[in-house]
Amino acid sequence: MPAKLTVGLSRKVGEPNYGSRGASVNLEVELDSALITDPFVVQDRVRKLYTLARRGIEEELGIESPATESPRLSTSHAGSANGREPTTLTSSQQRAIFAIARRSRLDPNHLVQSRYRLDRVEDLSIRQASELIDALKHGQTELRS
Amino acid sequence: MITAASPQPRDYISYSAVRTFQGCPLRYRFRYLDGLSEEVVSASLVFGSAIHAAVEFFSMRQLSGEPCPTRDELLEVYQDAWKQEREAEICFGKNETVDSLHSLADRMLRTFLTSDLAKPRGRIIGVEEELRGELTPDLPDLLGRVDLLLETDDAVVVQDFKTSRSAWAETQADEQSEQLLLYGDLVRKLMPGKQIRLEFVVLTKTKSPKIQLLEACFDESKLDRTKLVFQNVWSAIQAGHFYPAPSPMQCGGCGYRSHCDAWRGNPT
């Protein structure tokens, strides 16, 4: 007799004026009863179903999925479709920027806002981060915090 | 006897996990699914990690524009890393002691500091950088840690740091390039348009340590073959094919010997 595997996922996102939108997905599949004896296989099926459910919800709500097809560095927040370079800075570049800025008594986010019109250090691309590190090392930054 | 522990499936694979499975599927199960700790760990493994920690500290200092660390500072990082392992669990080789290894570390770090490789030939863009990305659609993401990422005018260099009993032959870089090929495959998707260079930095654990820089060829057909191996290993893992693979080379230093002896089959 086949076994049933059911997963459900729901998510809500905030809207202006204290509103919200939500979506939920419930998936039910039949599983060969022989597979039930292998917890690893079952876990894998569950994980795949949740991935499917998550993608459906994100698509419905218009949320950009953090899971992308391109590789990402540990701190990267995936490629973007807004014309920026596809990969954000590496975690070691991020640590270096904060360390140099701290020594120089500079506000790193302020620097990023004025030089690159980005919100935060984390939004820099690898190239921008390299350039900023070079500038910081050579004292070519004029903004103090 | 090993009782039925709940497997802990991960949503990624790593090179070391696949290599572990290839060496001994049961060891893979104990480590990655059952989450068992090894009863002993080899001194050479601890030593290599501690040297890595010192070199990582050195590179991070360079990236942050701080003065180059002295030999004493590097030794301190090495010793801190060593202390993180409890000595009782470390299995020393013949003629090895904590002191002899620390003295070796001193010589190796001195060699590193005075070598050309202490001056990177490009901009450092990653130190012990974690990469995660897709190898093939039917595999979980590959998760890896790259020792050093450098950017030059025309290339991104993916560098792996190795400690070795003896100097490598020229051909050894290509023979051992699988891990670097996989990481290089991820890096080229991150930085399109750049050539990818794969390099090993080998520091020998000899009386007079030597340092070598060896380049491995980015061989596309070998990369495809490596991915195929990963797919087959992953299929075997998913199918639950866990069994001991006795070998005089591996069993002696294995930290799961008592678990292995007690094993009486996979739980059903």
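Residues numbered from 1 in each chain as written. Chains lettered and ligands numbered in written order. Predicted model: local features only at pLDDT ≥ 70, side-chain atom pairs only at ≥ 80, totals over all residues. Heavy atoms only, no water.

**Student:** Any chance you could explain the overall build of chain A here in plain terms?
**Tutor:** Helix and strand counts for chain A stand at 4 helices and 3 strands. Scanning chain A from its N terminus toward the C terminus, one meets helices and strands in the order β-β-α-β-α-α-α. Within chain A, the fraction of its 145 residues that count as buried is 37%. By element, 48% of the accessible surface of chain A is carried by carbon and sulfur atoms, the whole surface being about 8,800 Å². (Helix = DSSP H or I, 4+ residues; strand = E, 2+ residues; numbered from the N terminus. Buried < 20%, exposed > 50% of the residue type's maximum accessible area, 1.4 Å probe, protein only. Areas by Shrake-Rupley, 256 points an atom, 1.4 Å probe, with all protein chains shown as cover.)

**Student:** Is there a simple way to explain the environment of Arg10 of chain B in this structure?
**Tutor:** All names here are of chain B. Locating Arg10 in the fold gives a position in the segment before strand E1 (12–13). Under the relative-accessibility criterion, Arg10 is labelled partly exposed at 23%. As for Arg10 and Phe57, which are separated by 47 residues in sequence, their C-alpha atoms are 29 Å apart.

**Student:** Would you explain the packing of aromatic side chains in this entry?
**Tutor:** For any two aromatic rings, the description comes down to two numbers: the centre-to-centre distance and the angle of the planes. Residue and element names in this part refer to chain B. Applying the stated criterion across every chain, the model contains 12 aromatic pairs over all chains. When the centroid spacing of 5.9 Å and the interplanar angle of 75° are considered together, the rings of Phe47 and Tyr78 count as edge-to-face. In this pair, Phe47 sits in helix H3 (residues 43–63) while Tyr78 sits in helix H4 (residues 71–83), placing the two residues 31 residues apart along the sequence. Tyr78 shares its class with Phe47; the two are buried. (Phe/Tyr/Trp six-rings, centres within 6.5 Å; stacked < 30°, edge-to-face > 60°.)

**Student:** I'm lost on the nonpolar core in this one. Help?
**Tutor:** For soluble globular proteins, nonpolar side chains are generally found buried alongside one another. Residues and elements named next belong to chain B. By size, the foremost hydrophobic cluster in this structure holds 42 residues, and its most contacted members are Tyr28, Leu142, Val158, Leu198 and Phe230. In terms of residue count, the dominant contributor to this core is helix H7 (residues 178–190) (7 residues). Among the nonpolar cores identified, the runner-up in size contains 29 residues, and Ile51, Ala53, Phe58 and Leu75 belong to it. (Core = buried A, V, L, I, M, F, W, Y, C linked by side-chain atoms within 4.5 Å.)

**Student:** Explanation requested: the packing of H3 of chain B against helix H5 (residues 98–113) of chain B in the structure shown.
**Tutor:** Residues and elements named next belong to chain B. Closest axis-to-axis distance for the H3/H5 pair is 11 Å, and the angle between their directions is 35°. Our pair here, H3 against H5, has a crossing hand that is right-handed. Facing H3, whose interface residues are Ala43, Phe47, Ile51, Ala54, Val55 and Phe58, H5 presents Leu101, Leu104, Ala105, Met108, Leu109, Phe112 and Leu113. (Axes fitted to C-alpha atoms, helices over the stretch in contact; angles between N-to-C directions. Left-handed = near helix turned anticlockwise from the far one by under 90°. Contact = heavy atoms within 4.5 Å.)

**Student:** Got a minute to help me understand the pairing of strand E4 (residues 123–133) of chain B in this structure?
**Tutor:** In regular strands, side chains alternate between the two faces of the sheet. Residues and elements named next belong to chain B. Judged by how many residues are buried, E4 sits mostly within the fold: 9 of 11 residues are covered. Sheet analysis places E4 next to strand E5 (residues 141–151), joined by 9 bridges and oriented antiparallel. By the bridge assignment, Glu129 is partnered in E5 with Val146. (Pairing = 2+ DSSP bridges.)

**Student:** Looking at this model, I keep getting lost on unusual backbone geometry. Mind explaining?
**Tutor:** Among all residues save glycine, negative phi is the norm, and among peptide bonds the norm is trans. For Arg117 of chain A, which is not a glycine, the phi torsion comes out positive at approximately 55°. Mapped onto the elements of the fold, Arg117 of chain A is located in the loop between helix H3 (108–116) and helix H4 (126–137). One non-glycine residue with positive phi stands out, namely Glu128 of chain B, at about 50°. By the element assignment, Glu128 of chain B lies in strand E4.

Limitation: the analysis is restricted to geometry and does not speak to function.
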